[in-house]
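Understanding the architecture of this molecule
Here is what each chain is made of, one letter per residue.
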Amino acid sequence: MFHDILFLILGLVLIIAGGNYLTDGAVSVAKRFGISSLVIGLTIVAFGSSTPDFVVCFISTLSGKSELALGDVLGANIFDITGIIAMIAPVRISSEMAFKDLPMLALSSIALFICGDDRIVDGTNVNIVNRTDGLMLLSLFVIFMCYTMEMARSHSTKPISTRPKTAAAIPHHSVEKAEATEADNTRRMKPWVAAVCIVGGLAALVFGGQWLVDGASGLARRLGMSEALIGLTIVGIGSSIPDLSTSVIAAIKKQPQIAIGNVVGACIFNVFFIIGLCSTVKPLNAGSLTFVDFGTLVLGSLLVLLFGDVIVKRTITRLQGAILAGVYIAYMVYLVVNAAS
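A short tour of the structure in this document, coming up. Given the structure is predicted, the values throughout are model-derived calculations rather than measurements. (Residues numbered from 1 in each chain as written. Predicted model: local features only at pLDDT ≥ 70, side-chain atom pairs only at ≥ 80, totals over all residues. Heavy atoms only, no water.)

**Some points on the packing of helix α11 (residues 227-252) against helix α12 (residues 256-281)**
At a minimum axis separation of 7 Å, α11 and α12 run at an interaxial angle of 165°. The angle between α11 and α12 falls in the class roughly antiparallel. Viewed along their axes, α11 and α12 form a crossing whose handedness is left-handed. Of α12, the residues touching α11 (which contributes Asp-243, Leu-244, Thr-246, Ser-247, Ala-250 and Ala-251) are Ile-258, Ala-259, Asn-262, Val-263, Ala-266 and Asn-270. (Axes fitted to C-alpha atoms, helices over the stretch in contact; angles between N-to-C directions. Helix = DSSP H or I, 4+ residues; strand = E, 2+ residues; numbered from the N terminus. Parallel < 35°, antiparallel > 145°, perpendicular 65-115°, else oblique. Left-handed = near helix turned anticlockwise from the far one by under 90°. Contact = heavy atoms within 4.5 Å.)

Have a look at this one:
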């Protein structure tokens, strides 16, 4: 019991420190090379902070604990889109994210629902994400990466210093104005300092996330929780804390593009790459995971798409963030009641 608590504390400390340094280093790199902060959030930050999810899922897959692997991704993605970031500060959504990334987030959730809940799709009694499903998810990941890299190339040809500075040239809700504000909020680092911050921050997130998951899982097993429930709650929340802590720190530092880009990119990465790769290596049996588990993720993703692309001029407000948080709380209550019955 003492060792589990110690791992929890050390993991939390490393996660907070890692998220802080990773955000500073990533923004510095974006400023130096004229790359959009959104692109940095969607790639380096999102993929790096999702490493704990990958480690948990891959090890669980090889160990034959597929419910834990799928439960981890479901729980992590549902937790990532709880709306905490928007409750800290309203998040403005760029046109690129509204038309490309948010629909891709919804697509990833729907694809996982179709692949993982075979009872609803074809009426079978066994839910399996097979190798065909895995290859399909990996193909979607390649498509996502191709357009993200194209976005990065288009932004890298437009240095921040050459963007229009007048109020007439920059709309109130434009991404250019948001990114110019972000650039002013973080000092420019030397290249080697930024590299140390990014590498060190990622390492702290990986080790901190793993230690937190190990400690939380140890405590959960002492309480007799099922493998699927551990994945959806303790492991899913613990392994997604690097994603969310990085985004929360970015939001506090007035870096909205990294904050939302990290969460969206991590969720897409979790489904398309992590589940795609793991199910290609070894088919994943969803076991006791239900329609409610997959459906909650789809509902949350569609709400994010609706809030970020349709309502209030592409801004996810604090009220909308509270609605997302309410969905998550209701889902947690359902899990607790269902486990107790």
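**Points about helix α1 (residues 2-33)**
The terminal C-alpha atoms of α1 lie 46 Å apart, and with 32 residues this matches the ideal 46 Å at 1.5 Å per residue to within 8%. Once α1 finishes, Gly-34 follows within two positions and takes phi at roughly 70°, a positive value. (Expected span 1.5 Å × (residues − 1).)

**Describing the environment of Asp-214**
Among the structural elements, Asp-214 can be located in helix α10 (residues 191-222). You can call Asp-214 partly exposed: its relative accessible area is 37%. The spatial distance from the C-alpha of Asp-214 to the C-alpha of Leu-8 is 7.9 Å, given a sequence separation of 206 residues. (Buried < 20%, exposed > 50% of the residue type's maximum accessible area, 1.4 Å probe, protein only.)

**Considering the packing of aromatic side chains**
Within this structure, the stated rule accounts for 9 aromatic pairs. When the ring of Phe-54 is compared with that of Phe-58, the centres are 5.6 Å apart and the planes differ by 20°; the resulting orientation is stacked. Residue Phe-54 and its partner Phe-58 are located together in helix α3 (residues 51-62), separated by 4 residues, close to a single helical turn. Ring plane angle 55° and centroid distance 6.4 Å describe the contact between Phe-207 and Trp-211, whose orientation is recorded as tilted. Here Phe-207 pairs with Trp-211, and both are found in helix α10, just 4 residues apart, close to one helical turn. In this structure Trp-211 comes out as partly exposed when scored by relative accessible area, which is 31%. (Phe/Tyr/Trp six-rings, centres within 6.5 Å; stacked < 30°, edge-to-face > 60°.)

Remember, this is a structural readout, not a statement about activity or role.
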